[in-house]
Amino acid sequence: MIDPSDAPAFLAWLQARRSTRVFTDAPVPRAVLARLIEAAISAPSNTNRQPWRFAVVRAPALRTRIAEAVRAKADEIKAIIARGHHAEDYGSYGDFFHEPLANATAIIVPQYRSYPDLIANFIASGGGDPAQYATASAMQAELCSTCAAVMTLLTQAHAEGLGACWMAGPMIARDEIQRTLGIEAPWQMVGAVALGYPATASAAPPRKPIDRVATWFEDDTHE
Ligand SMILES: Cc1cc2nc3c(=O)[nH]c(=O)nc-3n(C[C@H](O)[C@H](O)[C@H](O)COP(=O)(O)O)c2cc1C
């Protein structure tokens, strides 16, 4: 348990989490990965739907297959972009799609599924028009819940001394990865998390200052 007096230290610890892209060869024990999943499923979810699943890939050949599928798609995209005007802007961007996967010793592929919108259905059953009301589907609540689960997973990874990088890049090979891991509708992958013990320390990318991202309403004079 963290004492509230330790909250500033906890914040400093949270701020020290980094996306890690280079890992040592040391395997991540299954028990450690199981704790990451325990952490993930402690996340809040809309009406406690727990709309998540996780493919936990330790098998080396399978990891290579996933990384290679992403690399192949990245190369395909690179060749297309090279024909246009953005080859220079794109640069080595595509490397960030697969390189962390290629040297990770574990890959977790989080998945979410949507459910029928309960409240929208209630409104419709009373003869109302659900389109008149923003309900859970307006915020893709199941996707949000699964992203919350991924964040708790990353936080546990930080506590375990692991490096992790949650990546959207592997989405370019979504169909191949889903087929490889047997992920079928209604489930959909939400990127992939590369995991392992960090080989190098990563620099902290700057954050926007809180005054740029938070709007405070502290009294009622704004009305
Ligand atoms: C949804 C999401 C997608 C991301 N996709 C990638 C990716 O494809 N490749 C990569 O190297 N990093 C990826 N990142 C990591 C970000 O680059 C990183 O979080 C950001 O630069 C801030 O660095 P930090 O996590 O060390 O604080 C992603 C992060 C998030 C949350």
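Above this text is the structure in question.
Residues numbered from 1 in each chain as written. Predicted model: local features only at pLDDT ≥ 70, side-chain atom pairs only at ≥ 80, totals over all residues. Heavy atoms only, no water.

So what exactly am I meant to see when it comes to the overall build of the protein here?
Looking only at helices and strands, the protein features nine helices and five strands. Taken from N to C terminus, the helices and strands of the protein fall in the order α-α-β-α-α-α-β-α-α-β-α-β-β-α. By principal-axis analysis of the C-alpha atoms, the protein measures approximately 55 × 45 × 45 Å. Counting only residues that meet the buried cut, the protein has 34% of its 223 residues in that class. Across the protein, contacts joining residues at least 24 apart in sequence account for 83% of those joining residues at least 6 apart. Approximately 13,700 Å² of the protein is accessible, and the part contributed by carbon and sulfur atoms is 56%. (Helix = DSSP H or I, 4+ residues; strand = E, 2+ residues; numbered from the N terminus. Buried < 20%, exposed > 50% of the residue type's maximum accessible area, 1.4 Å probe, protein only. Contact = heavy atoms within 4.5 Å. Areas by Shrake-Rupley, 256 points an atom, 1.4 Å probe, with all protein chains shown as cover.)

Honestly, the site of the ligand in this entry has me stumped. Any pointers?
Around the ligand, the structure places Arg17, Arg18, Ser19, Arg21, Phe96, Cys165, Trp166, Met167, Ala168, Gly169, Pro205 and Arg207. One nitrogen or oxygen atom from the side chain of Arg21 is found 2.6 Å from an oxygen atom belonging to the ligand. The separation between a nitrogen atom of the ligand and a polar main-chain atom of Trp166 is 3.2 Å. For the ligand, whose free accessible area comes to 620 Å², the fraction covered by protein is 67%. (Near = heavy atom within 4 Å. Polar contact = N/O pair within 3.5 Å; in protein donor to acceptor, adjacent residues only side chain to side chain.)

Just checking my understanding: could you explain the layout of surface pockets for this structure?
Unoccupied space between atoms shows up once a probe the size of one water molecule is rolled over them. When its volume is computed, the largest pocket comes out at roughly 200 Å³. Lining the largest pocket are 14 residues, and of these Asn46, Asp117, Ala136, Ser137 and Glu142 sit closest to its centre. For the lining of the largest pocket, the secondary-structure elements that each account for two or more residues are α6 (118-125) and α7 (141-159). Class assignment for the residues of the lining of the largest pocket results in six nonpolar, five polar and three charged. (1 Å grid on protein atoms, 1.4 Å probe; cavity = no way out; pocket = protein on both sides within 12 Å on 5 of 7 lines; lining within 4 Å. Points joined across faces, edges and corners; volume = space filled by probe spheres on them. Nonpolar A, V, L, I, M, F, W, Y, C, P; charged D, E, K, R; others polar.)

Is there a simple way to think about the side chain of Gln178 in this case?
Looking at where Gln178 falls in the secondary structure, it is placed in helix α8 (residues 174-181). Polar side-chain contacts of Gln178 include one of 2.8 Å to the backbone nitrogen of Met189. Among all residues touching Gln178, those that are not within four sequence positions of it are Ile183, Trp187, Gln188 and Met189.

I tried to follow a nonpolar patch on the surface on my own but got confused; where do I start?
A cluster of nonpolar side chains, contributed by Ile2, Phe10, Leu11 and Leu14, occupies part of the molecular surface with about 340 Å² of accessible area. Tracing the backbone through its elements, the reader meets Leu11 in helix α1 (residues 7-15). (Patch = residues over 30% accessible without salt bridge, like charges linked within 9 Å, V, L, I, M, F, W, Y side chains within 5 Å. Salt bridge = Lys/Arg side-chain N within 4 Å of Asp/Glu carboxyl O.)

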